[in-house]
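Close look at the chain arrangement
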There are 2 protein chains.
Amino acid sequence: MNIGQASRRSGLPAKTIRYYEEIGLVQPSRLENGYRDYSAGELDALRFLARARSLGFSIEECRRLLSLYSDKSRASADVRRLAEAHIVEVDAKIAELQAIRAALARLVSACHGDHAPDCPILDELAGSAA
Amino acid sequence: MNIGQASRRSGLPAKTIRYYEEIGLVQPSRLENGYRDYSAGELDALRFLARARSLGFSIEECRRLLSLYSDKSRASADVRRLAEAHIVEVDAKIAELQAIRAALARLVSACHGDHAPDCPILDELAGSAA
DNA sequence: CCTTGACCTTCCAGTCGCTGGAACCCATCT
DNA sequence: AGATGGGTTCCAGCGACTGGAAGGTCAAGG
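Within every chain, residues take consecutive numbers counted from 1 along the sequence as written. Here the convention is simple: chains get letters from A, ligands get numbers from 1, in the order in which they are written. The model is predicted, so local features are restricted to residues of pLDDT at least 70 and side-chain atom pairs to those at 80 or more, both for listing and for counting; the totals for chains, interfaces and linings are taken over all residues. Computation of side-chain values: all heavy atoms of the structure, hydrogens and water removed.

**Observations concerning the pattern of salt bridges**
Residues and elements named next belong to chain A. Salt bridge, as used here: a side-chain nitrogen of Lys or Arg that lies within 4 Å of a carboxyl oxygen of Asp or Glu. Enumeration according to the criterion identifies twelve salt bridges over all chains in this entry. In this structure, Glu21 and Arg30 form a salt bridge, with 3.3 Å as the shortest nitrogen-oxygen distance. With a 1.4 Å probe rolled over the protein chains alone, any residue whose accessible area is under 20% of its type maximum counts as buried; one over 50% counts as exposed, and the rest are partly exposed. On the basis of relative accessibility, which here comes to 13%, the residue Glu21 falls in the buried class. A residue is classified by how much of its surface remains accessible, and Arg30, at 44% relative accessible area, is partly exposed. What emerges from the salt-bridge pattern is a single network uniting Glu21, Arg30 and Arg36.

**Considering the protein's contact with DNA strand D**
In the vicinity of DNA strand D, 19 residues are found, and the nearest of them are Lys15, Tyr20 and Arg53 of chain A together with Gly4 and Arg36 of chain B. Counting only atoms of DNA strand D within 4 Å of the protein, the sugar-phosphate share comes to 67%. Between DNA strand D and Thr16 of chain A, the relevant distance is 3.2 Å, taken from a phosphate oxygen to a side-chain nitrogen or oxygen of the residue. Polar contact is the term for a pair of N or O atoms within 3.5 Å; when the atoms are in protein, one must be able to donate a hydrogen and the other to accept it, and sequence-neighboring residues count only if both atoms are side-chain atoms. Here Ile59 of chain A contributes a backbone N or O atom positioned 3.4 Å from a phosphate oxygen of DNA strand D. Mapped onto the surface near DNA strand D, the elements with two or more residues apiece are α2 (14-22) of chain A together with α1 (3-10) and α2 (14-22) of chain B. Considering every element that reaches the surface near DNA strand D, the biggest residue donor is α2 of chain A, with four residues. Any residue with a heavy atom positioned within 4 Å of a molecule or strand is treated as near that molecule or strand. Think of it this way: any DSSP run of H or I at least four residues long counts as a helix, any run of E at least two long counts as a strand, and we number them from the N terminus.

**Side note on the packing of aromatic side chains**
Stacked, tilted and edge-to-face are the three classes applied to pairs of Phe, Tyr and Trp rings, where Trp contributes its six-membered ring and a pair requires centres within 6.5 Å; stacked means planes under 30 degrees apart, edge-to-face means over 60, and tilted covers the rest. In this structure the tally under the stated criterion is four aromatic pairs over all chains. Relative to Tyr20 of chain A, the ring of Tyr19 of chain A has its centre 6.1 Å away and its plane inclined at 45°; by these criteria the two rings are tilted.

**What to know about the relation of the copies chain B and chain A**
Superposing chain B onto chain A requires a rotation of 180° together with a translation of 0.0 Å along the rotation axis, leaving an RMSD of 0.1 Å. Given the turn and translation reported, the copies of this chain are related as if by a two-fold rotation axis. Taking C-alpha positions as reference, the residue of chain B nearest the rotation axis is Ile94 of chain B, located at 2.9 Å. Here, residues are in contact when the closest pair of their heavy atoms is within 4.5 Å. Take the interface residues of chain B: 98% of them recur as interface residues in chain A, which is what a same-surface contact looks like. Least squares is used to superpose the copies, and the fit set is the C-alpha atoms of residues whose pLDDT is at least 70 in both copies.

**Here we look at the interface of chain B and chain A**
Listed per partner, the contact involves 52 residues of chain B and 52 residues of chain A. In terms of surface lost to chain A, no three residues of chain B exceed Arg51, Leu122 and Leu125 of chain B, which account for 15% of the buried area on that side. Connecting chain B to chain A are two salt bridges. With its nearest N and O atoms 2.6 Å apart, the salt bridge here joins Asp91 of chain A to Arg101 of chain B. At the level of secondary structure, the elements contributing two or more residues to the side of chain B that touches chain A comprise α3 (40-54), α4 (59-69), α5 (76-110) and α6 (120-126) of chain B. When residues in the side of chain B that touches chain A are grouped by element, the largest group, 21 residues, is from α5 of chain B. Summed over both partners, buried area is the accessible surface (1.4 Å probe) that two parts give up on being assembled.

**Focus: the domain arrangement of chain A**
All names here are of chain A. Domain delimitation in this document rests on an assignment produced automatically or drawn from a domain database. Under the domain assignment used here, chain A contains domain 1 (1-74) and domain 2 (75-130). Relative placement of domain 1 and domain 2: their C-alpha centres are 34 Å apart. At the junction of the two partners, domain 1 supplies nine residues and domain 2 supplies eight residues. In this assembly, domain 1 and domain 2 are joined by zero salt bridges. At the boundary of domain 1 and domain 2, one finds three residue pairs in polar contact (both at pLDDT 80 or more). Gly is placed with the polar residues, together with every amino acid not listed as nonpolar (Ala, Val, Leu, Ile, Met, Phe, Trp, Tyr, Cys and Pro) or charged (Asp, Glu, Lys and Arg). Here the residues of the side of domain 1 that touches domain 2 are counted per class, giving four nonpolar, two polar and three charged.

Put into structure tokens, the structure is as follows:
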């Protein structure tokens, strides 16, 4: 199957699929005319990547996951460890964003938002307490 | 004040401060020896930037905020609009991360995590339901 | 046979917000 | 004079793509 089909069936842009080949994630064979030719297994790998990336795994984590995926002797504990470590990262990001959100909400609620030039948001960004 | 002091007092790395100059955010005058010389106002601007960036405003949003900050005739409603738009973005990111977190937690809880090679996490990433 | 249009190929540059490093200048202390 | 610790410039690289130019390939239509 050519890259256009692989793109449609995996949901990944063709550019991204080429990029994944370049960095050694999924390397298809080529037809005589030079076109990439994706096997069913390679399409599976692309779909796998699309899902793992959408869950926020980095490319290097995806590479690990892919190799565990194709390693028949892997221990599921390895995979679980990777996923758990990733949850910890996600939790940290959520907490950070929630703190940011709270700070912003406080700023906005302090701001009358009219046509007068004095603005507590700018005042606070400029100097007093963070 | 030289860049080292400005860095210590603003909390921004010197490299970052030089970068901000390069992109036209804060452009200090120079001493005879070529060293950057930050005024009190420029230090304020750097602190302002440090805070706004830590709240997740993009560089371009910071540029807007800085210009509102130095615009005596601005309406605080303009600032408020920017902050509110930013909250909407932050909320969207939080929601996305929470969805990701839930999906990961579900995967992890389905995985026995032992030394056997079958692993529901990989199975699910590979193909069935997302 | 020629053209059109949709594909495919490669390669290079740009995104965002820094960050690291090389190579060099300047200031101060011993 | 030399060591240390500033400062300066410029170039390259991060992650994970994305856009665009320039050109090869393929199937269908006039």
